[in-house]
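Fold and contact review
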Amino acid sequence: MSVVEITSQHPRHIWSAMHDWGLAHYGARSVIYPPCILLNPHVIDLDDDVRVDSLCKLEGGQGMRLGRWTHVASFAHLGIGGGTLEVGEGVSIGSGARILSGTALPDSRCFSAASPAHWQHVARLVTRIEPYAFVGAGATILPGVTIGARAVVAAGAVVTHDVAPGTIVAGVPARFVRERPCSR
Ligand SMILES: CC(C)(COP(=O)(O)OP(=O)(O)OC[C@H]1O[C@@H](n2cnc3c(N)ncnc32)[C@H](O)[C@@H]1OP(=O)(O)O)[C@@H](O)C(=O)NCCC(=O)NCCS
């Protein structure tokens, strides 16, 4: 696994023309504010105009794509567990959100409550956040979940199932609250 630590010693604004951090793709005008940590940057694909605020951690895992105009706020942790994460354009991910995209297989210490077969299944899943969805601060998205387009995940929610497009969910586990008004 390769690790890139973008520290505050790097230029405040890091444009793709200056440094690509070894990313698979670093779109035009995209910016990663230091300090951030990138694991397996060679599988991370940032489209144009993506903004990743400082103190985020992106785990490339088996693949990560952030669509154009996506904003990731400080302390967010994306790609936890090392699977595949696909984020559509215009998505907003709040501060401290945790997006799981896979999970490590249980080791000899058996830190998992589930069977090894279950975790092998989970490890193959793809987590998706569709265009213009909003993930609130401190929310947790579990592996294999799809957050539908324009959906809103409330701050602090734990999302265990797919969220329908244009809906608001909240709570632990997250439940439907209502439709999102003024959906595009
Ligand atoms: C989910 C959310 C969008 C709803 O906003 P809203 O429509 O203005 O909702 P209200 O504040 O009127 O609250 C409506 C109800 O939902 C509840 N609620 C609001 N946010 C909640 C949350 N995060 N978790 C659980 N319940 C929540 C309220 O307590 C209220 O319940 P009540 O009717 O029983 O009193 C908003 O509360 C939220 O979580 N925003 C996220 C903000 C954020 O994380 N920004 C990113 C910063 S980096």
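Please refer to the structure higher up on the page.
The rules behind each value
- Residues numbered from 1 in each chain as written.
- Predicted model: local features only at pLDDT ≥ 70, side-chain atom pairs only at ≥ 80, totals over all residues.
- Heavy atoms only, no water.
- Near = heavy atom within 4 Å.
- Polar contact = N/O pair within 3.5 Å; in protein donor to acceptor, adjacent residues only side chain to side chain.
- Areas by Shrake-Rupley, 256 points an atom, 1.4 Å probe, with all protein chains shown as cover.
- Pairing = 2+ DSSP bridges.
- Helix = DSSP H or I, 4+ residues; strand = E, 2+ residues; numbered from the N terminus.
- Salt bridge = Lys/Arg side-chain N within 4 Å of Asp/Glu carboxyl O.
- Buried < 20%, exposed > 50% of the residue type's maximum accessible area, 1.4 Å probe, protein only.
- Core = buried A, V, L, I, M, F, W, Y, C linked by side-chain atoms within 4.5 Å.
- Contact = heavy atoms within 4.5 Å.

Here the focus is the site of the ligand. Neighbouring the ligand are Gly94, Ser95, Phe134, Gly136, Ala137, Val152, Ala154, Ala155, Ala170 and Arg178. Ala155 is positioned such that a nitrogen or oxygen atom in its backbone is 2.8 Å from a nitrogen atom of the ligand. Within the contact set of the ligand, an oxygen atom lies 2.2 Å away from a side-chain nitrogen or oxygen of Arg178. Contact with the protein chains removes 36% of the 910 Å² of surface that the ligand exposes when unbound.

Right, let's talk about the sheet that holds strand E17 (residues 146-147) for a bit. Taking strand neighbours across the sheet as the criterion, the six strands line up as E2-E5-E8-E11-E14-E17 in an open arrangement whose pairing is parallel. Of all the strands in the sheet, the pair left with one neighbour each is strand E2 (25-26) and E17. The sheet contact formed by strand E14 (residues 126-129) and E17 spans two bridges and is parallel. Its bridge partner being in E17, Arg128 is matched across the sheet by Thr146.

Summed over all chains, the structure comprises five salt bridges. The partner of Arg68 in a salt bridge is Glu89, and the shortest N-O contact between them spans 2.7 Å. Residue Arg68 is found in the loop between strand E8 (63-66) and strand E9 (71-72), and its partner Glu89 is found in the loop between strand E11 (84-87) and strand E12 (92-93); the two are separated by 21 residues along the sequence. Under the relative-accessibility criterion, Arg68 is labelled partly exposed at 34%. Between Arg128 and Glu86 there is a salt bridge whose closest N-O contact spans 3.2 Å. Here the residue Arg128 occupies a position in strand E14, and Glu86 occupies one in strand E11, the gap between them amounting to 42 residues. A relative accessible area of 33% means that Arg128 is categorised as partly exposed. Take Glu86: its relative accessible area is 36%, and that puts it in the partly exposed class.

In terms of nonpolar packing, the biggest core is built from 38 residues, with Ile32, Leu66, Leu78, Ile129 and Ile147 touching the most fellow members. Secondary structure elements with two or more residues in this core: strand E4 (36-39), strand E5 (44-46), E8 and E11. In this structure Ile129 touches Glu86, Val87, Gly88, Val91, Ile93, Ile99, Val135 and Ile147, once residues within four positions along its chain are discounted.

The omega torsion of the bond from Pro34 to Pro35 falls at -5°, within 30 degrees of zero and hence cis. Along the polypeptide, Pro35 turns up in the loop between strand E3 (31-32) and E4. One non-glycine residue with positive phi stands out, namely Trp69, at about 70°. Counting through the fold element by element, Trp69 comes out in the loop between E8 and E9. The phi dihedral of Arg150 falls on the positive side, at around 65°, and the residue is not glycine. Considering the arrangement of structural elements, one finds Arg150 in the loop between E17 and strand E18 (152-153).

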